[in-house]
Amino acid sequence: MTEPDETNSERLLAPADVAHLFSVDPKTVSRWATAGKISSIRTLGGHRRFKESEILRLLESATEDLVEDVTA
């Protein structure tokens, strides 16, 4: 039996966690996933989870776009 490879483990965020980062309602995060704006993983129970690395990249990109708009 093999041990799980911890280097490949990715922290998964619940919709509420993502919503907090973007200051939106968790339902908005679910709508983004349904619309294909962000990718999600479904748990065995059917709940959505989001890869932390992808969400942080998206947040960084959105912040950069906002800064560019303000300084332009």
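Treat the numbers as computed from the prediction; the structure is a model and nothing was measured. (Residues numbered from 1 in each chain as written. Predicted model: local features only at pLDDT ≥ 70, side-chain atom pairs only at ≥ 80, totals over all residues. Heavy atoms only, no water.)

**Q** I would appreciate a short explanation of helix 1 (residues 15–22) in the present structure.
**A** Side chains three or four residues apart in an α-helix point the same way, a direct result of the helix having 3.6 residues per turn. For helix 1, the set of buried residues is P15, V18, A19 and F22. Projected down its long axis, helix 1 shows its buried positions confined to an angular sector of 100 degrees, all on one face. (Buried < 20%, exposed > 50% of the residue type's maximum accessible area, 1.4 Å probe, protein only. Helix = DSSP H or I, 4+ residues; strand = E, 2+ residues; numbered from the N terminus. Arc of directions from axis to C-beta.)

**Q** Mind showing me how you'd approach the nonpolar core here?
**A** Nonpolar side chains tend to gather and get buried jointly when the protein is soluble and globular. Residues L13, V18, A19, F22, V29, A33, I38, F50 and I55 constitute the largest nonpolar core, which totals 9 residues. Listed by contribution, the elements that provide at least two residues to this core are helix 1 and helix 2 (26–35). Leave out the neighbours within four places in its chain, and I38 touches V29, W32, A33, F50, E54, I55 and L58. (Core = buried A, V, L, I, M, F, W, Y, C linked by side-chain atoms within 4.5 Å. Contact = heavy atoms within 4.5 Å.)

**Q** I tried to follow the confidence of the model for the protein chain on my own but got confused; where do I start?
**A** Caution is warranted with low-pLDDT regions, since their predicted coordinates should not be read in detail. The pLDDT averaged across the protein chain works out to 87; a share of 82% of its residues lies at or above 70. pLDDT under 50 marks residues 1–7. Its contacts with residues more than four places away, or in other chains, come to 0 contacts. (pLDDT = per-residue confidence, 0-100.)

**Q** Please explain the pairing of strand 3 (residues 48–51) as it appears in this structure.
**A** Regular strands have side chains that alternate between both faces of the sheet. What you see with strand 3 is a clean split: R48 and F50 sit on the buried side and R49 and K51 on the side with no burial. As paired strands, strand 1 (residues 12–13) and strand 3 are joined by 2 bridges and run antiparallel to one another. Bridging across to strand 3, L13 finds its partner in F50. Across 2 bridges, the pairing between strand 2 (residues 41–42) and strand 3 is antiparallel. Each residue of the ladder has a partner; that of R42, found in strand 3, is R48. Counted between consecutive antiparallel strands, the loop separating strand 2 from strand 3 contains 5 residues, among which G46 sits at a positive phi close to 95 degrees. (Pairing = 2+ DSSP bridges.)

**Q** Help me understand the sheet that holds strand 1, please; the structure alone is not making it clear to me.
**A** In a beta sheet, neighbouring strands pair by backbone hydrogen bonds and run either parallel or antiparallel. Pairing is antiparallel across the open sheet formed by 3 strands, whose spatial order is 1-3-2. Both edges of this open sheet fall to strand 1 and strand 2, since each of them pairs with a single strand only.

**Q** Can you walk me through the packing of helix 1 against helix 2 in this structure?
**A** A pair of packed helices can be characterised by two numbers: the angle between their axes and the separation between those axes. Where helix 1 meets helix 2, the closest approach of the two axes is 8 Å, and the angle between their N-to-C directions is 105 degrees. As judged from the angle between their axes, helix 1 and helix 2 are roughly perpendicular. Here helix 1 contributes P15, A16, V18, A19 and F22 to the contact with helix 2, which in turn contributes P26, V29, S30 and W32. Broken down by class, the residue content of the contact of helix 1 with helix 2 amounts to 8 nonpolar, 1 polar and no charged. (Axes fitted to C-alpha atoms, helices over the stretch in contact; angles between N-to-C directions. Parallel < 35°, antiparallel > 145°, perpendicular 65-115°, else oblique. Nonpolar A, V, L, I, M, F, W, Y, C, P; charged D, E, K, R; others polar.)

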